[in-house]
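As a plain string of letters, each chain reads:
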Amino acid sequence: LYQAIKAEKNVLFEGAQGTLLDLDFGTYPYVTSSHPISGGVCIGAGIGPTMIDECIGVVKAYLTRVGKGPFPTELFDEIGDQIRKKGHEYGTTTGRPRRCGWFDAVIVRYAVRTSGLTSIIVNKMDTLSDIDKVKICVGYRKGSEIITEFPPSLEELALCEPVYEEMDGWKGDISHIRNYEDLPENARKYIERLEQLCDVRVSMIGVGPRRDQNILKA
């Protein structure tokens, strides 16, 4: 790897799982035994951090979680069921239904910071089509206080309730769209609001499961 990078070859590292499953920075004890954040690349592959040019985070247009652990924006209503069915949110091997909820900008902003993300890819935008009102969690209410940073402990997180910002949804099938400008106006507004809230640019948008169902965003 060192020789390839020195030879200016393209090297791509792919991480698994997610930020909140990180052994040190995740929601312990509901974590894995490794480091899914970008720093884990250096530990796992044996290269220095100065050899990484870009760190691209992959998120969904909504949130999911498998198994136990805190999930402030989890939905227990018809919209949650709709997202689960339309997004095929079931375990690959077990078929177990995944927990689904609204996009949580507090968590994603935390991921941006802990991994030094240079951009994010927002997948499954097509899953949110035909929902009249979409919500984004912009902070947590803890008693009389509004916080916008991810809490340092599960005990503190348990005292928090999500604070939502509501936006108009978009209608129709968008899985055939390949240019950002061709997305419905409200879908573009949603993406641009995510950029503002998460303090990172969106470089790609997924509108379906196929390799060609991606929109590059300048």
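A brief structural summary. As the structure is a prediction and not an experimental result, all values here were calculated from the model.

Quick look at the overall build of the chain
- Helix and strand content of the chain: six helices and 10 strands.
- By the compact-globule yardstick of 17 Å for 218 residues, the chain fits well, its C-alpha radius of gyration being 18 Å.
- If one aligns the C-alpha atoms of the chain with their principal axes, the spans along those axes are about 50 × 45 × 35 Å.
- For the chain, the proportion of its 218 residues judged to be buried stands at 42%.
- Here the contacts in the chain between residues at least 6 apart in sequence split such that 67% fall between residues at least 24 apart.
- Carbon and sulfur atoms make up 51% of the accessible area of the chain, which amounts to about 12400 Å² in all.
- Treating the 27 positive side-chain charges of the chain as one cloud and the 31 negative ones as another, the clouds have centres 3 Å apart.

Comments concerning unusual backbone geometry
- The residue after Y28, namely P29, is reached through a cis peptide bond having omega 10°.
- Its place among the elements puts P29 in the loop between helix 1 (2–6) and helix 2 (39–45).
- The residue Q17 is not glycine, and still its phi comes out positive at about 60°.
- Classification of Q17 by relative accessible area gives exposed; the value is 54%.

Points about the nonpolar core
- Ranked by size, the top nonpolar core spans 37 residues in total, and within it F103, V122, M125, Y190 and I205 carry the most contacts.
- The biggest single contributor to this core is helix 6 (residues 185–198), with six residues.
- In this structure, V106, I107, F150 and L157 belong to the second largest nonpolar core, which totals 12 residues.

Observations regarding the state of the cysteines
- Under the defined criterion, the tally for this structure stands at zero disulfides.
- C55 supplies the cysteine sulfur nearest to C42, a cysteine that is in no disulfide, at a spacing of 8.3 Å.
- For C42, a relative accessible area of 18% puts it in the buried group.
- Residue C198 stays outside any disulfide, its sulfur separated by 10 Å from that of C137, the closest cysteine.

Quick word on the pattern of salt bridges
- Applying the stated criterion to the full structure yields 15 salt bridges.
- The salt bridge partner of K124 is E89, with a shortest N-O separation of 2.9 Å. With K124 in the loop between strand 5 (119–123) and strand 6 (133–142) and E89 in the loop between helix 3 (78–86) and strand 3 (99–101), the pair connects residues that are 35 residues apart, well separated along the chain.
- Residue K124 is classed as partly exposed on the basis of its relative accessible area, which comes to 23%.
- Of the charged contacts in the structure, one is a salt bridge between E149 and R113, with a shortest N-O distance of 2.6 Å. Of this pair, E149 sits in the loop between strand 7 (145–147) and helix 5 (154–157) while R113 sits in helix 4 (residues 105–115); the two residues are 36 residues apart in sequence, bridging distant segments of the chain.
- A residue is classified by how much of its surface remains accessible, and E149, at 43% relative accessible area, is partly exposed.
- For R113, a relative accessible area of 52% translates into the label exposed.

Thresholds applied
Residues numbered from 1 in each chain as written. Predicted model: local features only at pLDDT ≥ 70, side-chain atom pairs only at ≥ 80, totals over all residues. Heavy atoms only, no water. Helix = DSSP H or I, 4+ residues; strand = E, 2+ residues; numbered from the N terminus. Rg over C-alpha atoms; globule rule 2.2 N^0.38 Å. Buried < 20%, exposed > 50% of the residue type's maximum accessible area, 1.4 Å probe, protein only. Contact = heavy atoms within 4.5 Å. Areas by Shrake-Rupley, 256 points an atom, 1.4 Å probe, with all protein chains shown as cover. Lys, Arg positive; Asp, Glu negative; His and termini not counted. Charge placed at Lys NZ, Arg CZ, Asp CG, Glu CD. Core = buried A, V, L, I, M, F, W, Y, C linked by side-chain atoms within 4.5 Å. Disulfide = S-S within 2.5 Å. Salt bridge = Lys/Arg side-chain N within 4 Å of Asp/Glu carboxyl O.

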